[in-house]
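Here are the chains, one letter per residue:
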Amino acid sequence: MNVVRIAIAGFGGVGRATANLLLARRERYRQVYGADIRLVAVCGSRSGLADASGLEAERLDALEPDLSGPAFIEASGADILIEAGPSDFRTGGPGLAYIRSALSAGRDAIVISKGALVHSGPELLALARSSGAMLKLSGAAAAALPTIDLLEHSLKGCEVLEIEGILNATTNYLLDAMMNRNLGFDEALRRAQAGGFAEADPRNDTEGWDTASKLILIANFGLDADLTMDELVVEGIQSVVAHDLETWRKQRLVPKLVGSLIRTDAATRAAVGVRTYPATDPLAHVSGKNKAIRITTDAMGETIAIGSGTEPLATAAAALKDLEHILTARAVRSTGVSGGKE
Ligand code: HSE
């Protein structure tokens, strides 16, 4: 049995959910991948816990002070880092130092928070490529909604011409509630926060920054583009007023906050803003906190995925999907054949 040591940096709701799901799935990892998964370290910003023989769920409520930081994670001997800390795309946030440290030491990283990836994506990709480490980010790039996986696997070999994404659950929920349930903005936002999918600072959602961040990740990690936030025109839903809602209702149009990207030979152009769709368009039916992506390619036409889940479980599951991809790739590397039985 191959021992695989995991460390989790960032131990809020998503980090904890990821730890619990990881521990609950250990038997699956043994059966399917022949991997003895051990959670050897967890830490938040000021406290943590490490045990080389593996932490059990009941110990995770008693973190010890001053055990935190990239050096603490490195000392745990983890083979794979799961980064789930606070996200700040303007600075890279605390996650950046953890991810840099892991990738430069050749350790695989599964990143859930978007900040470091938006801020320093090309640098982190280059680090991973030079050290041979894997860098996975499903949890950051719309989580339960498959995005980069579609590009990397389902549409492999195709030329991507255009992407349209309803990538932010909060704004989709808010627009839907205001259009169809007559809820005011503040009440709808309160419900989104209670559902655990709104950002701590709701302006990241409502002003379009979360959608823009996910679009940049899809472009830079899924299409090898090199987009930065400065290159995007970003408009949110903060300027939507009652008159707009009334007009759209009369015209039988459905408003969505959309991240869009068009690729030509010359350039990749991307933007975030409200688009309206007639009822004949599948994107008009993406309701509530669902998210969706439409990818148009040269050879496979239009592909649409729609999805969501209950947070924080859905994001934890997206990150652990990445873990299974890593376990498969590791098995292929060591034996030359696929490690999964599925
Ligand atoms: N606030 C985000 C959303 C979830 O509403 O989709 C975290 O990315």
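Note that the structure is a prediction, hence the values are computed from the model and not measured. (Residues numbered from 1 in each chain as written. Predicted model: local features only at pLDDT ≥ 70, side-chain atom pairs only at ≥ 80, totals over all residues. Heavy atoms only, no water.)

## Quick look at the site of the ligand
- Lining the immediate surroundings of the ligand are Lys 114, Asn 168, Ala 169, Thr 170, Phe 197, Ala 198, Glu 199, Asp 205, Asp 210 and Lys 214.
- For the ligand, an oxygen atom lies 2.7 Å from a polar atom in the side chain of Lys 114.
- Side-chain polar atom of Glu 199 to a nitrogen atom of the ligand: 3.1 Å apart, as the coordinates give it.
- When isolated, the ligand has an accessible area of 260 Å², and the protein chains bury 83% of it.
- For the shell around the ligand, the elements supplying multiple residues, two or more each, are α7 (169-180) and α10 (209-222).
- The residue inventory of the shell around the ligand, partitioned by class, reads 3 nonpolar, 2 polar and 5 charged. (Near = heavy atom within 4 Å. Polar contact = N/O pair within 3.5 Å; in protein donor to acceptor, adjacent residues only side chain to side chain. Areas by Shrake-Rupley, 256 points an atom, 1.4 Å probe, with all protein chains shown as cover. Helix = DSSP H or I, 4+ residues; strand = E, 2+ residues; numbered from the N terminus. Nonpolar A, V, L, I, M, F, W, Y, C, P; charged D, E, K, R; others polar.)

## A word on the domain arrangement of the protein
- Assigned domains of the protein: these are domain 1 (2-143 + 312-335) and domain 2 (148-307).
- Centre-to-centre, using C-alpha coordinates, domain 1 lies 27 Å away from domain 2.
- Counting from both sides, the interface comprises 18 residues of domain 1 and, opposite them, 18 residues of domain 2.
- For Asp 210, the salt bridge identified is with Lys 114, shortest N-O distance 2.9 Å.
- No other element matches helix α5 (residues 115-131), which puts 6 residues into the side of domain 1 that touches domain 2.
- By residue class, the composition of the side of domain 1 that touches domain 2 is 10 nonpolar, 3 polar and 5 charged. (Domains from an automatic or database assignment. Contact = heavy atoms within 4.5 Å. Salt bridge = Lys/Arg side-chain N within 4 Å of Asp/Glu carboxyl O.)

## Notes on the sheet that holds strand β9 (residues 233-234)
- Spatially, 6 strands are ordered β9-β11-β10-β8-β12-β13 in an open sheet, and the strand pairing comes out mixed. Two strands lie at the open edges of the sheet, namely β9 and β13 (301-307), each paired on one side alone.
- Both strand β12 (residues 291-297) and β13 contribute to a ladder of 7 bridges, which runs antiparallel. Paired with Ile 295 across the two strands is Thr 303, which belongs to β13.
- Along the sheet, α10 makes contact with β8 (160-166), β9, β10 (253-263), β11 (268-278) and β12, crossing β10 at roughly 35°. (Pairing = 2+ DSSP bridges. Axes fitted to C-alpha atoms, helices over the stretch in contact; angles between N-to-C directions.)

## Regarding empty space enclosed by the protein
- Counted by the stated rule, this structure contains 2 cavities of 30 Å³ or more.
- Around the largest cavity sit Ser 87, Asp 88, Phe 89, Lys 114, Gly 115, Glu 199, Asn 204, Trp 209, Asp 210 and Ser 213, which together line it.
- Sort the elements by how many residues they give to the lining of the largest cavity and α10 lands first, with 3 residues.
- The class makeup of the residues in the lining of the largest cavity is 2 nonpolar, 4 polar and 4 charged. (1 Å grid on protein atoms, 1.4 Å probe; cavity = no way out; pocket = protein on both sides within 12 Å on 5 of 7 lines; lining within 4 Å. Points joined across faces, edges and corners; volume = space filled by probe spheres on them.)

## Overview of the layout of surface pockets
- Volume-wise, the largest pocket comes out at about 970 Å³.
- For the largest pocket, the lining is made up of 45 residues, of which Val 14, Gly 85, Ile 112, Lys 114 and Glu 199 are closest to its centre.
- For the lining of the largest pocket, the secondary-structure elements that each account for two or more residues are α1 (13-24), α7, α9 (203-206) and α10.
- With 3 residues, α1 is the single largest residue contributor to the lining of the largest pocket.

## Re the packing of helix α2 (residues 26-33) against helix α12 (residues 313-335)
- Running from amino to carboxyl end, α2 crosses α12 at an angle of 25°, the nearest separation of the two axes being 11 Å. With respect to their mutual orientation, α2 and α12 come out roughly parallel. Both α2 and α12 take part in a crossing whose hand is right-handed. Across the interface between the two elements, Arg 28, Tyr 29 and Tyr 33 of α2 pack against Leu 320, Leu 323, Glu 324, Leu 327 and Thr 328 of α12.
- Residues of the contact of α2 with α12, tallied by class, amount to 5 nonpolar, 1 polar and 2 charged. (Parallel < 35°, antiparallel > 145°, perpendicular 65-115°, else oblique. Left-handed = near helix turned anticlockwise from the far one by under 90°.)

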